[in-house]
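Here is what each chain is made of, one letter per residue.
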2 protein chains.
Amino acid sequence: MAGNTSRPGATVVSRVLALLGAFDETHRRLTLTELARRADLPVPTAHRLVGELAAHGALARTPSGEYVVGRQIWSLGVLAPVQTGLLEAASPFLHDLYAATLATVHLAVRDGTQVLYLDRLSGRRSVPVVSTVGSRLPLYPTGVGKVLLAHAPERVQVEVLSSLTRITPHTITQPARLRAQLARVRSDGYATTVEEMTLGACSVAVPVRRNEAEVVAALGIVVPSLRRDRPRLVAALQVAAHGIGRSISDGS
Amino acid sequence: MAGNTSRPGATVVSRVLALLGAFDETHRRLTLTELARRADLPVPTAHRLVGELAAHGALARTPSGEYVVGRQIWSLGVLAPVQTGLLEAASPFLHDLYAATLATVHLAVRDGTQVLYLDRLSGRRSVPVVSTVGSRLPLYPTGVGKVLLAHAPERVQVEVLSSLTRITPHTITQPARLRAQLARVRSDGYATTVEEMTLGACSVAVPVRRNEAEVVAALGIVVPSLRRDRPRLVAALQVAAHGIGRSISDGS
DNA sequence: GGCTAACCTTCCACTGAGTGGAAGGGGTGT
DNA sequence: ACACCCCTTCCACTCAGTGGAAGGTTAGCC
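Everything quoted here is computed from the prediction, not taken from an experiment.

Chemist: If you had to explain the packing of helix 6 (residues 143-150) of chain B against helix 8 (residues 175-188) of chain B to someone new, which residues and values would you point to?
Modeler: Residues and elements named next belong to chain B. Running from N to C, helix 6 and helix 8 cross one another at 85 degrees; their axes reach a closest spacing of 9 Å. With respect to each other, helix 6 and helix 8 are oriented roughly perpendicular. Every residue of helix 8 that contacts helix 6 at K146, V147, L149 and A150 is listed here: L178, Q181, L182, V185 and R186. In the contact of helix 6 with helix 8, the residues fall into six nonpolar, one polar and two charged.

Here it is as structure tokens:
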């Protein structure tokens, strides 16, 4: 009379990853029921899986009983080649750049059709922006994203260009116009955005090249729309990007 | 005639975490066979699980076919409360401290009976040390570890004191002597080590207190054994630790 | 070329790990 | 006292997971 039919096709691995994926920037602490709902799993199933994850340190419980991402996952993540070498090499340059511009500084890589922000520096006086370390945004409305898109394989460009959606009134949604911009990004060596992601904010970004060759990341800053010393900013960015590119030690 | 008996008691979750746990500081890229061996799983089982993890972005494959930790895990790890607030709040103070001392700077928390290094700054001129961001070391032979141990629950202290093993000729292995040192750490407000972890390296560390209350982390520096301006170093550390403690915004 | 060795991948019959509805606490608000 | 929500335990059913065997691929060596 019991006989439980689990949704077919679902594997334990996918269930576990669905549970982990329930956490994001705005949901860092989740109750069991929220986890179950967000992962689309029955509560008892979520309970058992989450309990086991917690027993292994992959998740942790707050004093109030909510679940949070555990330290094991954090120290695992640190081993990801996303950042091996790159983040450490870039750190001093990012600080110099912040000191020189007092603008929000971003270091990002491309992850599929999104920008993945690896590091961010911003002070009290910087423009508020949506990006945070570890978060992902579309490529086309951000400065670092345009740089990464301009140097991405054709296949990726086609995919991105085919699904441009408006975010602010200034977001570029015409494929032809974006494609022209990307060509300019390649020839000029830098990209700019004007309130395409956030009203009141402009950005300037440059590629980071390993050994003056392949583009491995992008370095960008976000400034208030009224700021008008772009040439100086581009110069500062290029110096920093060049420094980072020369400091990257290890491959992959 | 087939009939496969999986090792009883092993769950998929534990198998998956064993696979992920196969990666560490010195094994960032692993082949399938190495993964299977390190996780103590049959190759076909490892193959299937690892393949599924890779399909979800939890692992990635290098062009040469080896597996590495994927970006999904990295961005998940960034959400861990290990660092939420703390790392960002501490960053500027760590840089100031590095500038003031030119020593390797560490920010660490206690994870069970180990130190977990959250951040590290070191320059070319710093003493070489074993710690890296995300790595764990025993509590008793490190400066930050002593601070964290001194403010840990009695239960943890007992456990650590009962298993002191020699690492260098200077490592403290007598429980009574270490216990006396911990008392001094609490009364003096700082801890020191003298070549207990690495020959040629000494360290000084202080607690980071949230709202001048509970100890949430430790801040330490590693200097060559011959350096003798300890009072100045302690003062610089305490200023920085105080600053960090006041900057921590969000709880837990 | 042929042989050996090591690694990766696919196949598939067996079975116990995983499943989830049902039911039992515990807390809080009305 | 009742209603509501969330967490936890129980357990009969069954399908997802398992891993030995076999085939494929690549590399090195005589």
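Chemist: Describe the UniProt feature "domain: HTH iclR-type" (unreviewed entry) in chain A, with residues and values.
Modeler: Listed under "domain: HTH iclR-type" (unreviewed entry) in the UniProt record, and renumbered for this structure, are residues 10-71 of chain A. Within residues 10-71 of chain A, the helical portion is 52% and the strand portion 10%, while the C-alpha atoms at the span's ends are 27 Å from each other.

Chemist: Describe the protein's contact with DNA strand C, listing the residues and the values that go with them.
Modeler: Near DNA strand C there are 20 residues, and of these N4, R15 and T45 of chain A together with V12 and T33 of chain B occur at the shortest range. For DNA strand C, the backbone makes up 69% of the atoms found within 4 Å of the protein, where backbone means sugar plus phosphate. Separating a phosphate oxygen of DNA strand C from a side-chain N or O atom of T45 of chain A is a distance of 2.6 Å. Between DNA strand C and L32 of chain B, the relevant distance is 3.3 Å, taken from a phosphate oxygen to a main-chain nitrogen or oxygen of the residue.

Chemist: If you had to explain the relation of the copies chain A and chain B to someone new, which residues and values would you point to?
Modeler: Relative to chain B, chain A is turned by 180 degrees and slid 0.1 Å along the rotation axis, the superposed coordinates differing by an RMSD of 0.1 Å. Classification of the inter-copy transformation places it as that of a two-fold axis. Residues of chain A ranked by C-alpha distance from the rotation axis are headed by G77 of chain A, positioned 2.7 Å from it. Most of the interface of chain A is mirrored in chain B: 100% of its interface residues are interface residues there too.

Chemist: For the sheet that holds strand 5 (residues 136-138) of chain B, give the residues involved together with the corresponding values.
Modeler: Residues and elements named next belong to chain B. Across the sheet, six strands lie side by side as 5-4-3-8-7-6; this open sheet has antiparallel pairing. Because the sheet does not close on itself, it has two edges, and the strands there are strand 5 and strand 6 (191-194). Across the sheet, the mean angle separating the axes of adjacent strands is 30 degrees when strand polarity is ignored.

Chemist: Quick rundown of the confidence of the model for chain A? Include the residues and the values.
Modeler: Mean pLDDT over chain A works out to 90, with 94% of the residues at or above the 70 mark. Of all the helices and strands in chain A, helix 5 (residues 86-101) of chain A carries the lowest mean pLDDT, 87, while helix 6 (residues 143-150) of chain A carries the highest, 98.

Chemist: So what about the sheet that holds strand 7 (residues 201-209) of chain A? Which residues, and what values?
Modeler: Residue and element names in this part refer to chain A. With antiparallel pairing, six strands are arranged side by side in an open sheet as 5-4-3-8-7-6. In this open sheet, the two strands that pair with only one neighbour each are strand 5 (136-138) and strand 6 (191-194). Direction aside, neighbouring strands of the sheet carry axes that sit 30 degrees apart on average. Lying on the sheet, helix 9 (residues 230-247) is in contact with strand 6, strand 7 and strand 8 (215-224); it crosses strand 7 at an angle near 30 degrees.

Chemist: For the pattern of salt bridges, give the residues involved together with the corresponding values.
Modeler: Counted by the stated rule, this structure contains 22 salt bridges over all chains. Here D111 of chain B makes a salt bridge to R136 of chain B, at a shortest N to O gap of 2.2 Å. In this pair, D111 of chain B sits in strand 3 (residues 104-111) while R136 of chain B sits in strand 5, placing the two residues 25 residues apart along the sequence. Beyond isolated ion pairs, a larger network of salt bridges with shared partners links R71 of chain A together with D111 and R136 of chain B.

Chemist: Describe helix 1 (residues 12-21) of chain A, listing the residues and the values that go with them.
Modeler: The buried count for helix 1 of chain A comes to seven of 10 residues, which makes it a mostly enclosed element. Restricting attention to buried positions, one finds in helix 1 of chain A the residues V13, S14, R15, V16, L17, L19 and L20 of chain A. For helix 1 of chain A, the secondary structure elements touched by its buried residues are helix 2 (32-39), helix 3 (43-55) and strand 1 (59-61) of chain A together with helix 1 (12-21), helix 3 (43-55) and helix 4 (71-77) of chain B.

Cut-offs used in this document
- Residues numbered from 1 in each chain as written.
- Chains lettered and ligands numbered in written order.
- Predicted model: local features only at pLDDT ≥ 70, side-chain atom pairs only at ≥ 80, totals over all residues.
- Heavy atoms only, no water.
- Axes fitted to C-alpha atoms, helices over the stretch in contact; angles between N-to-C directions.
- Helix = DSSP H or I, 4+ residues; strand = E, 2+ residues; numbered from the N terminus.
- Parallel < 35°, antiparallel > 145°, perpendicular 65-115°, else oblique.
- Contact = heavy atoms within 4.5 Å.
- Nonpolar A, V, L, I, M, F, W, Y, C, P; charged D, E, K, R; others polar.
- UniProt positions renumbered as here; feature names shortened; annotations may be inferred.
- Near = heavy atom within 4 Å.
- Polar contact = N/O pair within 3.5 Å; in protein donor to acceptor, adjacent residues only side chain to side chain.
- Least-squares fit on C-alpha atoms with pLDDT ≥ 70 in both.
- Pairing = 2+ DSSP bridges.
- pLDDT = per-residue confidence, 0-100.
- Salt bridge = Lys/Arg side-chain N within 4 Å of Asp/Glu carboxyl O.
- Buried < 20%, exposed > 50% of the residue type's maximum accessible area, 1.4 Å probe, protein only.

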